[in-house]
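Examining the three-dimensional arrangement
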Amino acid sequence: MSQSDRELDEIVRIARAAAAIVMDVYATPFAVEMKGPGDPVTRADREANALICSALEAAFPGEAILAEESVPAGDELAARFGRERVFFVDPLDGTREFADRNGEFAVMIGLAVRGRAALGVVVMPTTGEALAGRADDGGCFAFLEARDGSRRALQVSAVASPADATLIVSRSHRPKEIEPLLSRLGIAKVVPCGSVGVKIARIATGEVDLYVHGGGGAKLWDSCAPEAVLLGAGGRFTDLAGAPIDYTGPGLKLARGIIASNGALQDAVVAAARSELG
């Protein structure tokens, strides 16, 4: 087994430990606070964040970590962005869905190497499924690990015509770009879902074919792990202009949005997005 595979297995272990904390909180009454407008946080976010950061520091000494609930400021943020390897951590992606208790949330740990998503793990705490992927110089693959530890390879769908595609969209933040894109591409099948990680996981498993996000509040820790999984499963992941996501900063926001697909649809959707957005 290569070093990268050992890294991936360790990240799966850490993400599963954090998912256990998330489910412990989920089983009890919990308070929902607001970090800002439309930005909820709970005890599960903070406790999972602390566990993941501590475990990553122990397993990967000296590596840079950017985690949602413990973001450094100023020079320290810039210094971490400047490192060759940076872990991006979303301890509870889909806090709104967690608070609504609809099951659509995930624990996500991604590793960017030289500014590109390289390794990623997305764990769905309510199902016990862990999706993991590697997309770097050492190879490209993705797998789903069930609650019992069994694994199967992930492969995206083969849908090549936008008119036949199923688009997955945000349950609570449907972007304004969606409607004109639906019309231009002739997409009729639309599935709402919470959590960026859960949405992209469903593309990686072949359940749906496409996801478009207009930017807004999404940050790099929302995309790093899912991107690595999707690339490993044969998909593609870019911004709205078709450019790769850059994990070297200087900011954390995904201001240029996301187009994530099974790969076969990517060029057509990027072209449509360029036309609609000028």
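Just so it is clear, the model here is predicted, and its values are computed rather than measured.

Here we come to unusual backbone geometry. Across the junction of Gly 249 and Pro 250, the peptide omega takes the value 10°, indicating a cis bond. Phi at Arg 114 is positive, roughly 50°, even though this residue is not glycine. Note that Arg 114 resides in the loop between strand S5 (106-113) and strand S6 (116-124). Classification of Arg 114 as exposed rests on a relative accessible area of 53%. Backbone geometry places Ser 195, a non-glycine residue, at a positive phi of 70°. Among the secondary structure elements, Ser 195 is positioned in the loop between strand S11 (189-193) and helix H6 (196-204).

Counted by the stated rule, this structure contains eight aromatic pairs. Note on Phe 60 and Phe 87: the rings are 5.1 Å apart at their centroids and 40° apart in plane angle, and the pair reads as tilted. Here the residue Phe 60 occupies a position in the loop between helix H2 (43-59) and strand S3 (64-67), and Phe 87 occupies one in strand S4 (residues 85-93), the gap between them amounting to 27 residues. The exposure class of Phe 60 is buried, given its relative accessible area of 9%. For Phe 87, a relative accessible area of 1% puts it in the buried group. Grouping aromatic residues by their ring pairs yields a cluster made of Tyr 26, Phe 30, Phe 98 and Phe 105.

Glancing now at helix H5 (residues 178-185). For H5, every residue scored as buried is listed here: Ile 178, Leu 181, Leu 182 and Leu 185. With its buried residues spanning 105° around the axis, H5 presents them on a single face.

Turning next to the sheet that holds strand S8 (residues 139-145). Whether parallel or antiparallel, the strands of a sheet pair through hydrogen bonds between backbone atoms. Strand order in the open sheet formed by seven strands is S3-S4-S5-S6-S7-S8-S9, and the pairing between neighbours is mixed. Looking at strand neighbours, the two that pair on one side only are S3 and strand S9 (151-153), the edges of this open sheet. Averaged over all adjacent pairs, the angle separating strand axes in this sheet is 15°, with direction ignored. Note that strand S7 (residues 129-136) and S8 share seven bridges and pair antiparallel. The residue bridging Leu 131 from the neighbouring strand is Leu 144, located in S8. Docked against the sheet, H2 engages S3, S4 and S5, running at close to 155° with respect to S4.

Within the open sheet, the five strands sit side by side as S11-S10-S12-S14-S13. Their pairing is mixed. Each edge of the sheet is formed by a strand with only one pairing partner; in this case those strands are S11 and strand S13 (236-238). With direction set aside, neighbouring strand axes in the sheet form an average angle of 20°. Lying over the sheet, H5 contacts strand S10 (166-170), S11 and strand S12 (210-213), oriented at roughly 175° with respect to S10.

Thresholds applied
Residues numbered from 1 in each chain as written. Predicted model: local features only at pLDDT ≥ 70, side-chain atom pairs only at ≥ 80, totals over all residues. Heavy atoms only, no water. Helix = DSSP H or I, 4+ residues; strand = E, 2+ residues; numbered from the N terminus. Buried < 20%, exposed > 50% of the residue type's maximum accessible area, 1.4 Å probe, protein only. Phe/Tyr/Trp six-rings, centres within 6.5 Å; stacked < 30°, edge-to-face > 60°. Arc of directions from axis to C-beta. Pairing = 2+ DSSP bridges. Axes fitted to C-alpha atoms, helices over the stretch in contact; angles between N-to-C directions. Contact = heavy atoms within 4.5 Å.

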